[in-house]
Every structure is written in C-alpha cells, then in structure tokens.
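# Chains, contacts and geometry: an overview
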Amino acid sequence: MSTITVLQQMGVITILVAIGIYLYKKSIVDNTTSRKLSAIVMDFCNPALIMASILSGDITATHSDLITAMILGAIFYIGLVIMGFIFPFIVRAEKDSRRFYNVMTVYTNVGFIGIPVARAILPANATLYVIICNVMYSLLFYTHGIIILSGGKEKMNIKKIFSPGTIMAILSLLVFWFKIKPPLIIANSITYLGNATVFLSMTLLGVGIARSGIVSGLKNIRIWVYIAVRMVLLPIAMFFVLKIAGFSSVTILGLCLMAAMPIGNLPLIQSEKMGEDTELLANSIAISTAASIITITALMSLFTSLI
C-alpha cells in the first residue's frame, strides 16, 4: 500500500469524523442517540465487519500466519501489561492516578476505531492481527483491567469476556481455520451489516470529540507524554524490531497500527460504574482520539514508505 493511499483513506476518515462533529453541534445526534448507536456498532456492526472480512475471500493467509498472529498478539499484550506498570512512573503520575495510566497504556481502542481503520487502510490479511488484538483485549480487560482499576477491590468478571465482539472474533477465526462457507443469505447479511461500521463508528467518534471537555485536558502535560510515548514511540520501536526480525509487511503494518490506537472507552465506563473521578480518563480519551487522526496518518504513511 502506497503512502498516497494511506493519506487518502485517512482523509476519508477525517471527513467522516468531521461529519460526526457537525451532527452533534447541530443537535442531530444527541447523547442518548450516540449511546444507542454505539451499542449497535459494538454489538452488531463491528462484529459483522470482522466476519465479513473473513468471508470476503480476500484473505489469503495460511494457518501458519494465524498461529504467528496469535503468538505475536500474546507477546504484544504481555509487553503492554508490563509497560502499564512502568508508564505511571515515567510520567511521575500521582499515586491515585497511577492505575488510570496503567489501564490507558494497555487498553487502547483496537475495536471501535481499530477495526474500521484497519479495514480502510490495511491489506486484507492484516485483519488477522486486528481480530487477535480484540480477543486479547477482551480476555484481559475483564480480568487484569478490572483488578487494576479497582485497586484489587473488584473481582474479575468472566461472563463479560464473552461479548458479541469477542464471540464473533473467535467464530471468525474458526471460520478461517476450517474454511467454513455459510449460506449466501447469511454471508450477504453479515456483509451489509458490516459495511455500516466505518461510517457509523467514525461519525460517533466525531460526536465523542465534540461533546468532550477536551479543552480542559490540553494543559495536562502527562497526556501529551502519553501520546508521544504510547502512540508514537512504541509503534515506531515495534516497526523496527519487527522489520529487523524479518516479519512480513502485513504483520508489521497490522501490529503497528494496533499499537498506534488511542485510549479505549471501557476503562472510562468501568470507572464510572465504580463511582470514580473520571475527568483524567475522559480528557485523555478525547485528546488521544483527536490526536490519533494525525499520528496514525503520519505513522502509517512513514511505515508504508519504509517497507
């Protein structure tokens, strides 16, 4: 994929995000509508897009490629868990906010943003890495993530691991492995449902940016250090490590894109349920998400030109 293609696709995504901002400013989409549409995207459209990518026939990866993706995905998240404990000390976070920086480091938006962006700018085979990262995310958040956020007070919730997205991701891997071909009526329905994902998720991203208190967090230097280290330096380091190790361009681009994602929403949602002060998380999500439009475009253009 050329640098021009990446720029064009990210330009399309930027326009869709701008539409979301416009819809919120004009009160066409309010907070209630946004929450309901987000549920539709997360529980129906995103999972369908994952399966549609497998059923499209565009993925030419082998079983060996899938095993490689699973191993690298596991190593990636083990590294993030370790980094999550270290990063709060890098930014000299106050003791009460260390757990927030910990989960922010591990749990980025590999689903809501990662899936449609990957579909838009990456080769089809990179979908395997996106799926693996989403499975790892779900397995970890409702175990490791819950414990970290609550300071050990909350118990892991095994039932919530099996969300529609996780179930569909696992089913997609099984369909890929066993080369299952569902009836055409099922395949087409999944494809049409998945096709709605990019527009809905990117416009909802714009809505989220528009309604956030992004201005109040701009002076927080720790958030900018987070963006520089977690969303820029980490993907760059991964790129050169994977390239030196001799992995394919699809592997490199897939994992590096997942590493460049902004902070995910689940830590914020869970913190609100626990009655925590969520100002830091809300500001960090808004600022990192807005910044990701620039950082992802720049990084993927750079990586594409270097491969």
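Here is what the cut-offs are and how they apply
- Residues numbered from 1 in each chain as written.
- Predicted model: local features only at pLDDT ≥ 70, side-chain atom pairs only at ≥ 80, totals over all residues.
- Heavy atoms only, no water.
- 1 Å grid on protein atoms, 1.4 Å probe; cavity = no way out; pocket = protein on both sides within 12 Å on 5 of 7 lines; lining within 4 Å.
- Points joined across faces, edges and corners; volume = space filled by probe spheres on them.
- Nonpolar A, V, L, I, M, F, W, Y, C, P; charged D, E, K, R; others polar.
- Helix = DSSP H or I, 4+ residues; strand = E, 2+ residues; numbered from the N terminus.
- Expected span 1.5 Å × (residues − 1).
- Buried < 20%, exposed > 50% of the residue type's maximum accessible area, 1.4 Å probe, protein only.
- Salt bridge = Lys/Arg side-chain N within 4 Å of Asp/Glu carboxyl O.
- Bend = angle between axes of the 7 residues up to and from the residue.
- Contact = heavy atoms within 4.5 Å.
- Polar contact = N/O pair within 3.5 Å; in protein donor to acceptor, adjacent residues only side chain to side chain.
- Phe/Tyr/Trp six-rings, centres within 6.5 Å; stacked < 30°, edge-to-face > 60°.

Let us now look at empty space enclosed by the protein. Under the definition given, this model contains one cavity of 30 Å³ or more. What the largest cavity holds in volume is close to 50 Å³. Together, M10, I13, V17, I113, V117, M202, L205, S292, I293 and I296 line the largest cavity. For the lining of the largest cavity, the per-class residue count stands at nine nonpolar, one polar and no charged.

In this section: helix α10 (residues 197-211). Given a rise of 1.5 Å per residue, 15 residues ought to cover 21 Å, and the 21 Å separating the end C-alpha atoms of α10 matches this to within 8%. What α10 keeps buried is the set T197, L200, S201, M202, T203, L204, L205, G206, V207, I209 and A210.

What follows deals with the pattern of salt bridges. Going through the model one piece at a time under the given rule, you end up with one salt bridge. Across the pair E276 and R99 runs a salt bridge whose closest N-O atoms are separated by 3.0 Å. Separated by 177 residues along the polypeptide, E276 in the loop between α14 (266-273) and α15 (279-306) and R99 in helix α4 (residues 98-106) bring together distant segments of the chain.

Here the focus is helix α2 (residues 31-55). Its 25 residues place the ends of α2 34 Å apart at the C-alpha level, agreeing with the 36 Å of an ideal helix rising 1.5 Å per residue. Along its length, α2 reaches its greatest deviation from straightness, about 40 degrees, at V41. Every buried residue of α2 is accounted for by S34, V41, C45, N46, P47, A48, L49, I50, M51, A52, S53 and I54. Those residues of α2 hidden inside the fold are in contact with α5 (114-121), α6 (127-149), α8 (164-178), α9 (184-195) and α10. The N-capping residue of α2, defined by a side-chain oxygen 3.3 Å from the backbone nitrogen of T32, is D30. Phi turns positive one or two residues past the end of α2, at G57, with a value near 85 degrees.

Inspection of the entire model under this criterion finds nine aromatic pairs. Arranged with centres 5.4 Å apart and planes meeting at 85 degrees, the rings of Y107 and Y137 form a pair that is edge-to-face. Note that Y107 is positioned in the loop between α4 and α5 and Y137 in helix α6, a separation of 30 residues in sequence. Taking the relative accessible area as the measure of exposure, Y137 reaches 9% and is therefore buried. An aromatic cluster is built from Y107, Y137, F141 and Y142, whose rings are joined through pairwise contacts.

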